[in-house]
Amino acid sequence: MITWFCPECFAEVDAGAERCPACGAPTDADDRTYEEKLMRALHHHLSDRRLLAARILGAIRSRGAVPELAEAAADRTDPYVAAEAARSLALIQPDHPLVRRLREDGPMLTRAAVCEVTSCPDDTRSTS
Ligand SMILES: [Zn+2]
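The residue numbers shown here count from 1 along each chain, following its written sequence. Since the coordinates come from a predicted model, pLDDT governs what is reported: local features require at least 70, and pairs of side-chain atoms require 80 or more to be given and counted, while whole-chain, interface and lining totals use all residues.

Asks: Is there a simple way to explain the packing of helix α3 (residues 66-74) against helix α4 (residues 79-92) in this structure?
Replies: Helix-helix packing is characterised by the crossing angle of the two axes and by the distance between the axes. Axes, fitted as lines to C-alpha atoms, cover a helix only where it is in contact. Angles between the N-to-C directions of the axes lie from 0 to 180 degrees. What counts as a helix is a DSSP run of H or I of at least four residues, what counts as a strand is a run of E of at least two, and both are numbered from the N terminus. Following both chains from N to C, one finds α3 and α4 inclined at 145°, their axes separated by 7 Å at the closest point. Of the two elements, α3 crosses α4, and the hand of that crossing is left-handed. For the pair α3 and α4, contact is made by Val-66, Leu-69, Ala-70, Ala-72 and Ala-73 and by Val-81, Ala-82, Ala-85, Ala-86, Ser-88, Leu-89 and Ile-92, respectively. Any residue that is not Ala, Val, Leu, Ile, Met, Phe, Trp, Tyr, Cys, Pro, Asp, Glu, Lys or Arg is counted as polar, Gly included; the first ten are nonpolar and the last four charged. Among the residues making up the contact of α3 with α4, the classes are represented as 11 nonpolar, one polar and no charged. Handedness of a crossing is defined here by the sense of rotation of the near helix relative to the far one, left-handed for an anticlockwise turn of less than a right angle and right-handed for a clockwise turn. By the convention adopted here, residues make contact when the C-beta atoms placed from their backbones lie within 7 Å.

So this is what it looks like as structure tokens:
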């Protein structure tokens, strides 16, 4: 089952809730779709928000987010966000050129994340 989060404060909300119980923001305040809001959150100034957005986009298999996730996965400034974006990208589109490249010679964290959800040649994935 998918957990939904407030697009403004990222508190957990019930799937059918019209307002966030934490900050009161409407969950459908404007014309942006939930996916668009998550894609916007990939650029949030707090890295845990970017991380969460990347994770949720993968969980809901957002095909529309593939370009944004690819951009985030290739960004070396935050290795944790990059790894999360790479994992989600691999979940949504395992044959994406960037996924293939990261699987072969991506940074350690990113490669490990990709290998968790796709099979890697010299399989180093953990058994967790
Ligand atoms: Zn909220």
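Still to come is the rest of the account.
Asks: Whenever I open this one, the domain arrangement of the protein chain confuses me. Can you help?
Replies: Reports often express the size of an interface as the amount of accessible area lost when the parts come together. Where each domain begins and ends follows an automated or database-derived domain assignment. Under the domain assignment used here, the protein chain contains domain 1 (1-31) and domain 2 (33-128). Using only C-alpha atoms to locate each centre, domain 1 and domain 2 end up separated by 23 Å. Across the side of domain 1 that touches domain 2, the residue classes break down as four nonpolar, no polar and no charged.

Asks: When you look at α4 in this model, what are you seeing that I'm missing?
Replies: The periodicity of an α-helix, 3.6 residues per turn, causes residues three or four places apart in sequence to face the same way. In this analysis, the expected span of each helix is defined as 1.5 Å times one less than the number of residues it contains. Look at α4: 20 Å from first C-alpha to last across 14 residues, which is about the 20 Å you get at 1.5 Å a residue. Along α4, 12 of the 14 residues are buried, which leaves the element largely enclosed by surrounding structure. Three exposure classes are used, based on other C-beta atoms lying within 10 Å of a residue's own C-beta, which is placed from the backbone: buried for 20 or more, exposed for 12 or fewer, and partly exposed in between. Considered for burial, the residues of α4 that qualify are Val-81, Ala-82, Ala-83, Glu-84, Ala-85, Ala-86, Arg-87, Ser-88, Leu-89, Ala-90, Leu-91 and Ile-92. Contacts made by the buried residues of α4 are with α2 (47-59), α3, α5 (97-105) and α6 (108-117).

Asks: Which parts of the structure should I look at to understand the packing of α4 against α6?
Replies: Interhelical geometry of α4 versus α6 gives an angle of 25° and a closest axis separation of 8 Å. When the interaxial angle is binned, α4 and α6 end up roughly parallel. Between α4 and α6 lies a crossing of right-handed hand. Across from Pro-79, Tyr-80, Ala-82, Ala-83, Glu-84, Ala-86, Arg-87, Ala-90 and Leu-91 in α4, the residues of α6 making contact are Leu-109, Thr-110, Ala-113, Val-114, Glu-116 and Val-117. Working rule for angles: under 35 degrees goes down as roughly parallel, over 145 as roughly antiparallel, 65 to 115 as roughly perpendicular, anything else as oblique.

Asks: I'm lost on the nonpolar core in this one. Help?
Replies: Most often, soluble globular proteins have nonpolar side chains that are buried together. Grouped together as the largest cluster of nonpolar side chains are 33 residues, with contacts concentrated most on Ala-54, Leu-69, Ala-72, Ala-73, Ala-85, Ala-86 and Leu-89. Mapped onto this core, the elements with two or more residues apiece are α1 (34-41), α2, α3, α4, α5 and α6. It is α4 that provides the largest number of residues to this core, a total of nine residues. Of the domains in this structure, domain 1 (1-31) and domain 2 (33-128) are the two that each give at least three residues to this core. Discounting residues that sit within four places of it in the chain, Ala-86 has contacts with Ala-73, Leu-102, Gly-106, Thr-110, Ala-113 and Val-114. The term nonpolar core refers to a set of buried Ala, Val, Leu, Ile, Met, Phe, Trp, Tyr and Cys residues connected through C-beta atoms within 7 Å.

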